[in-house]
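What follows is the residue order along each chain.
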Amino acid sequence: MSGVPIRELLLVPPGTPADLAAIDPRSTPGLPEDRAAQRDPKAWARADVAARLPQLAELQERLYASAKVARDPRRVLLVLQAMDCGGKDGTIKHVVGGLNPGGVRVHSFGPPTREERRHHFLWRIRRALPAAGYVGVFNRSQYEDVLVVRVHGLVSPEIWSRRYDEINRLEAGLSVDGFTIVKVMLHISPEEQAERLLARLDDPTKRWKYNVADVEERSRWREYQEAYEAVLTRCSTSAAPWYVVPADRKWYRDWAVAQLLTEVMDGMHLRYPEPELDLEAERKRVLATVPA
Ligand code: ADP
């Protein structure tokens, strides 16, 4: 390892203006400098993820067990945001897929339904929050309401400009209630997005992912980057920090998110609970039920 934790390398420091142009989507911050990692970084990173996932799954199990047995209110919420083709689904498959699905709640947010539109924009978010002990994953999130909504002018600027503070208040409250919030922007380049769109057209097994509207959205790249910078600048807080993961290289993206989650969950000092049991007496009770 470079020695500096990924959670520091990729953090958008609260209170500082974010500059996406300064972050190379092809870069690989934090990859170790040893020879094996340098010779074939892709193979190294894939192997490291495979080796790390059981550790992450154990941290998840401790989180789950603590809630179940010790009424620990803690839970984790991973928020994933990206431009189209940015790799949210791949990250969920390759990283979140390594956890116990019984303790994970993945929620995808599309355009609001008719019912959702009748409510405040955070209504559907609150309903999708993970219970104590769970790892919740938001595939898109409350941030769409200051991204696509801002870029397309779906509500007036007076309304969307208030939403940053509303989101910050929600997240600060959640943090007090036991949420550890990890917000990840998967940062891809327009060139990489074009490659991925073409791959979707070329490959019959990926064609179902192709969305004709994505091409039109490409013409608004600059506006989206500005909207993302506003999100990162205004909503990276100590209670709910944003991380920017360079995501043109899928193997780095998976490695960085797995590493980030491990560091964050390690920092929660999760322990297996010790139920109040008279072990000797319980052993005897179990043995008494075993036929001689
Ligand atoms: P994905 O593109 O992530 O695979 P979908 O095809 O379901 O998933 O599309 C999600 C779409 O929903 C995106 O175009 C996104 O911009 C849109 N969307 C999400 N939240 C909102 C919102 N609050 N208002 C308007 N559009 C939204």
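A short tour of the structure in this document, coming up. Note that the structure is predicted; figures quoted are calculated from it, not measured.

Criteria and thresholds
Residues numbered from 1 in each chain as written. Predicted model: local features only at pLDDT ≥ 70, side-chain atom pairs only at ≥ 80, totals over all residues. Heavy atoms only, no water. 1 Å grid on protein atoms, 1.4 Å probe; cavity = no way out; pocket = protein on both sides within 12 Å on 5 of 7 lines; lining within 4 Å. Points joined across faces, edges and corners; volume = space filled by probe spheres on them. Helix = DSSP H or I, 4+ residues; strand = E, 2+ residues; numbered from the N terminus. Nonpolar A, V, L, I, M, F, W, Y, C, P; charged D, E, K, R; others polar. Buried < 20%, exposed > 50% of the residue type's maximum accessible area, 1.4 Å probe, protein only. Near = heavy atom within 4 Å. Polar contact = N/O pair within 3.5 Å; in protein donor to acceptor, adjacent residues only side chain to side chain. Areas by Shrake-Rupley, 256 points an atom, 1.4 Å probe, with all protein chains shown as cover. Salt bridge = Lys/Arg side-chain N within 4 Å of Asp/Glu carboxyl O. Patch = residues over 30% accessible without salt bridge, like charges linked within 9 Å, V, L, I, M, F, W, Y side chains within 5 Å. Lys, Arg positive; Asp, Glu negative; His and termini not counted. Charge placed at Lys NZ, Arg CZ, Asp CG, Glu CD. Axes fitted to C-alpha atoms, helices over the stretch in contact; angles between N-to-C directions. Parallel < 35°, antiparallel > 145°, perpendicular 65-115°, else oblique. Left-handed = near helix turned anticlockwise from the far one by under 90°. Contact = heavy atoms within 4.5 Å.

Quick notes on the layout of surface pockets
Empty space within the second largest pocket amounts to approximately 230 Å³. Around the second largest pocket sit 14 residues that line it, and Arg7, Thr180, Ile181, Ser238 and Pro241 are the ones nearest its centre. Examining the composition of the lining of the second largest pocket, we find that four residues originate from one element, strand β4 (residues 179-187), more than from any other. Of the residues that constitute the lining of the second largest pocket, the class distribution is nine nonpolar, four polar and one charged.

Observations concerning unusual backbone geometry
Phi at Cys85 is positive, roughly 70 degrees, even though this residue is not glycine. Examined against the element boundaries, Cys85 turns out to sit in the loop between β1 (75-82) and α4 (88-94). A relative accessible area of 8% places Cys85 in the buried class. Of note in the backbone geometry, His269 takes a positive phi value of approximately 50 degrees without being a glycine. Structurally, His269 is set in the loop between α12 (250-266) and α13 (279-288).

Let's talk about the site of the ligand
In the vicinity of the ligand, the residues found are Lys88, Phe109, Gly110, Pro111, Pro112, Arg124, Arg140, Glu144, Asp145, Val148, Val149 and Leu154. Contacts to the ligand include Pro111, whose backbone N or O atom sits 3.2 Å from an oxygen atom. Within the side chain of Arg124, an N or O atom sits 3.2 Å from a nitrogen atom of the ligand. Protein coverage of the free-state accessible area of the ligand, which is 570 Å², stands at 66%. Of the residues assigned to the shell around the ligand, the class counts are six nonpolar, one polar and five charged.

Brief notes about the pattern of salt bridges
A complete count under the given rule lists 17 salt bridges for this structure. The partner of Glu116 in a salt bridge is Arg124, with the nearest N and O atoms 3.2 Å apart. Classification of Glu116 by relative accessible area gives partly exposed; the value is 22%. Given the relative accessible area of 8%, Arg124 is considered buried. With a shortest N-O distance of 2.9 Å, Arg285 and Glu282 are connected by a salt bridge. Note that Arg285 and Glu282 are positioned in helix α13 at a spacing of three residues, about one turn of the helix. Under the relative-accessibility criterion, Glu282 is labelled partly exposed at 30%. Through salt bridges with shared partners, a single ionic network connects Arg46, Arg253 and Asp254.

Comments concerning a positive patch on the surface
Taken together, the side chains of Lys42, Lys93, Lys206, Lys209 and Lys250 define a basic patch exposed on the protein surface. As for its placement among the helices and strands, Lys209 is situated in the loop between α9 (190-202) and α10 (212-218). Note on Lys209: relative accessible area 34%, which makes it partly exposed.

Regarding the packing of helix α8 (residues 157-176) against helix α11 (residues 221-235)
Between α8 and α11, whose axes approach to 10 Å, the crossing angle comes to 45 degrees. By the criterion of interaxial angle, the relationship of α8 to α11 is oblique. Along this stretch, α8 crosses α11, giving a crossing that reads as right-handed. In this structure, α8 contributes Ser161, Tyr164, Asp165, Asn168 and Glu171 to the contact, and α11 contributes Ala230, Val231, Arg234 and Cys235. A breakdown of the residues in the contact of α8 with α11 according to their chemical character gives four nonpolar, two polar and three charged.

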